[in-house]
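Structural overview
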Amino acid sequence: MSTLAAIRGFKDILPDQSRLWRLMEDKARDLALRFGYAELSPPIMEKTELFQRGIGEVTDIVEKEMYTMEDRSGEKITLRPEATAGLVRAVLEHNLCEGARPAKLFCFGPMFRYERPQKGRLRQFHQFDVEVFGDVGPYIDAEIILLLHTLLSELGINDLQVVVNSLGCPSCRPAFREKLTSFLSERQSSLCPDCRRRLEHNPLRILDCKNEQCRSEVMIGPKMDQFLCLSCKDHFQLLTTVLTQVNLNFRIDPLLVRGLDYYTRTTFEVHSGQLGAQSAVAGGGRYDGLCSKLGGADIPGLGFAVGLERLFMLLSQADSPKESGPDYYVAVLCPEALGPAFELVQNLRARGLKVEADWESGGLKSRLKRADKASAQRVIMLGPDEMAGGQATIRDLSTKQQWNLPLDQPQRY
Ligand code: HAM
C-alpha cells in the first residue's frame, strides 16, 4: 500500500522551518501590540454568505476558489479565503467599535483558496492580518502602511516596492467605471476571454490583468485619478504627503485595483523582486462600505494582510541564525541510571533550562554523537560510576572541561 501524501497545495511546516515561523509571528505580534492593536482570533469557517457579500460575487475568490461545503444541518459554510470579512463580522457581532475609539485588531492563521499551486501560491497559506475600524483616515492609512513597512524592515527585508493607489468612492468611481467600460468595449477583440467577461460585471479587474495585450490596452486607457472627487483627491494627497514626510519610499500605481471588491479609496501592495511571479508579499486597503454591506453600522475600515509563506521565502534567503541547542544533553549510560536521570531532567526543566535526553541507555560514543548533533552546550553523563558515587559528570562540549555535581542538587547545574 502506498503511503499517503498531503493534499495538493497544502504544506507541512517542518521542524527546521519553525524557528523562522516563530520569529515572523513573534515580531509581527510584538509590533502590532506596540502600535496599539489587539489580537482577535476568529474561527476558520464562516457562513458562505459572509464571503459572498463581503468579497463580492464576481471575484475569482468567490467564483472559483472557495472551499465550500454543507454541514450536517444543510448550512453552507466556507473555509475562510481571507480574514477581513470574518473580522468585520466579529466586530459587528460583539459591538467592538462603539463610541469614539477605533477598534484596532490583528490575527494570524491559515486561509484557503483553491488556486493553481505554484511557487509562492498555495491552497492553504497563512496570513498576518491587521484591521482598523472607525477611523476615516488618512493618517491611519499612513500608519497602517508604516506598520507593514516597519515589520518588513525590522525583519531585515529591504529590497521592497510599496505601491499605492486610490480607487475612489461610490460617488466618483461609477463615472470612471463607465468611461473605462466604453473605452475597453471598443477594444474587446484585443482582450483575453477572462477580461471580455469582466467587462460586463467587473471592468476594474481588467486593470490588473497580467495578459500583455490587456495590459497595453489599459495603459493607454482612462485612469482613476482623473475621476476622483474632491474629498477622495484630498484624502489621497494627504496620505502621500504623510508617507513622504516619514521617508517611506513608495510608488503610485494607477492600475492597482486588488482582487477583492470591498475596497474604497486607499489601496496598497508590497512587492519583492525575489519572489518571482507571485511577487506581492502583502496587500490591503480601505473598505468604508463593508461594515454596512454586512448589515452593520456605517463604520469605515481598512487593513492589510501579509502572506507568511512569501515572507518566509524572503527570510530564508537571508542568512538567519540557527535554533540554539539545549543547555544540557543527558547521556544515560546504564539502565540503573534511567530513574535518577529522569528525575534530574524534570528538575532542571522546572528551573527553566533547556534539556534533552534519550530514554534508553547506550554507549558513551553514541551518546556524545547525539549531544553534538543536538548542538548541546554541555553533557551530563550518568553511568555505573556516577550511580555508585551519587555524582553526575558534566562535560562542556566547547571547552572540553569536565567536573562533577551531586545528583540531588539540581539547583547547582
Ligand atoms: P490578498 O492580496 O488577497 O488580500 O492577500 C494578502 C497576501 O496574502 C498576498 O499579498 C500574499 O502574500 C498572500 N496570499 C494570497 N493568496 C495566496 C496564496 N494562494 N498562496 C500564498 N500566499 C497568498 C487579502 O487577503 C485581504 N484580506 C487583505 C486586507 C486586509 N485588505 C484589507 N484588510
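Since the structure is predicted, the reported quantities are computational estimates derived from the model, not experimental observations.

Strand order in this open sheet of three strands is β2-β4-β3, and the pairing throughout is antiparallel. If you trace the sheet from one side to the other, it starts and ends with β2 (45–47) and β3 (67–70), each paired once. Here the average twist between neighbouring strands, direction ignored, is 35 degrees. In terms of strand pairing, β2 meets strand β4 (residues 76–79) through three bridges, oriented antiparallel. Note that in β4 the partner of Glu46 across the bridge is Thr78. Lying on the sheet, helix α2 (residues 48–55) is in contact with β2, β3 and β4; it crosses β2 at an angle near 75 degrees.

Right, let's get into the pattern of salt bridges. This model, assessed by the stated rule, comprises 19 salt bridges. Note that Arg34 and Glu154 form a salt bridge whose closest N and O atoms lie 3.0 Å from each other. With a gap of 120 residues between them, Arg34 in helix α1 (residues 18–34) and Glu154 in helix α5 (residues 139–154) connect regions that are remote in the sequence. Overall, Arg34 belongs to the exposed group, its relative accessible area being 57%. The exposure class assigned to Glu154 is partly exposed, which follows from its relative accessible area of 35%. Arg258 is the salt-bridge partner of Glu269, the closest N and O atoms lying 2.9 Å from each other. Linking Glu269 in strand β9 (residues 264–272) with Arg258 in the loop between β8 (251–252) and β9, this pair joins segments that are 11 residues apart in sequence. In this structure Arg258 comes out as buried when scored by relative accessible area, which is 11%. One network of salt bridges, in which partners are shared, links Lys27, Arg34 and Glu154.

Another aspect to go through is the sheet that holds β8. A sheet is described by the order of its strands in space; here eight strands give the open sequence β1-β5-β6-β11-β10-β9-β7-β8, paired in mixed fashion. Two strands lie at the open edges of the sheet, namely β1 (38–39) and β8, each paired on one side alone. As judged from the six bridges shared by β9 and strand β10 (residues 280–286), these two strands associate in the antiparallel manner. When the bridges of β10 are listed, Phe268 appears paired with Gly284.

Time to look at unusual backbone geometry. Here the amide bond leading from Gly137 into Pro138 is cis, since omega sits at 5 degrees, within 30 degrees of zero. Counting through the fold element by element, Pro138 comes out in the loop between β6 (124–133) and α5. Located in the positive-phi region is Asn95, a residue other than glycine, with phi close to 50 degrees. Along the polypeptide, Asn95 turns up in the loop between α4 (84–93) and β5 (103–112). In this model, Ser375 sits at a positive phi of 55 degrees, which is unusual for a non-glycine residue. With respect to the element layout, Ser375 can be found in the loop between α13 (364–373) and β14 (378–382).

What follows concerns the site of the ligand. Looking at the ligand, there are 27 residues lining it, with Glu82, Thr84, Glu115, Leu122 and Tyr263 nearest. Backbone polar atom of Leu122 to a nitrogen atom of the ligand: 2.9 Å apart, as the coordinates give it. The backbone of Ala282 places a nitrogen or oxygen atom 3.4 Å from an oxygen atom of the ligand. The protein chains hide 95% of the 670 Å² of surface that the ligand would expose on its own. Looking at the shell around the ligand, the elements with two or more residues in it are β6, β10 and β11 (301–307). Among the elements that make up the shell around the ligand, the one with the highest residue count is β10 (six residues). Along the lines of polarity and charge, the residues of the shell around the ligand split into 11 nonpolar, eight polar and eight charged.

Next up on the list: the domain arrangement of the chain. For the chain, the domain assignment lists domain 1 (15–172 + 228–317) and domain 2 (328–412). The distance between the C-alpha centroids of domain 1 and domain 2 comes to 49 Å.

Time to look at the packing of aromatic side chains. One pass over the full model with this rule turns up 14 aromatic pairs. Both rings, one in Trp21 and one in Phe312, keep their centres 6.0 Å apart while their planes meet at 25 degrees; by these two values the pair is stacked. Of the two residues, Trp21 is situated in helix α1 and Phe312 in helix α11 (residues 308–317); the sequence distance between them amounts to 291 residues. Take Trp21 and Phe312: they sit in the same class, and that class is buried.

This part is about the pairing of strand β7 (residues 160–166). Of all seven residues in β7, six are buried, a share of seventy percent or more. For β7 and β9, the ladder comprises seven bridges, and the chain directions are antiparallel. Residue Ser166 lies in a different strand from β9, and its bridge partner there is Thr266.

As a further point, take the environment of Leu368. Inspection of the secondary structure assignment puts Leu368 in helix α13. Along the chain, Leu368 and Ala331 lie 37 residues apart, while their C-alpha atoms are 7.5 Å from each other. Beyond its immediate sequence surroundings of up to four residues, Leu368 is in contact with Val379 and Arg395.

Basis of the calculations
Residues numbered from 1 in each chain as written. Predicted model: local features only at pLDDT ≥ 70, side-chain atom pairs only at ≥ 80, totals over all residues. Heavy atoms only, no water. Pairing = 2+ DSSP bridges. Helix = DSSP H or I, 4+ residues; strand = E, 2+ residues; numbered from the N terminus. Axes fitted to C-alpha atoms, helices over the stretch in contact; angles between N-to-C directions. Contact = heavy atoms within 4.5 Å. Salt bridge = Lys/Arg side-chain N within 4 Å of Asp/Glu carboxyl O. Buried < 20%, exposed > 50% of the residue type's maximum accessible area, 1.4 Å probe, protein only. Near = heavy atom within 4 Å. Polar contact = N/O pair within 3.5 Å; in protein donor to acceptor, adjacent residues only side chain to side chain. Areas by Shrake-Rupley, 256 points an atom, 1.4 Å probe, with all protein chains shown as cover. Nonpolar A, V, L, I, M, F, W, Y, C, P; charged D, E, K, R; others polar. Domains from an automatic or database assignment. Phe/Tyr/Trp six-rings, centres within 6.5 Å; stacked < 30°, edge-to-face > 60°.

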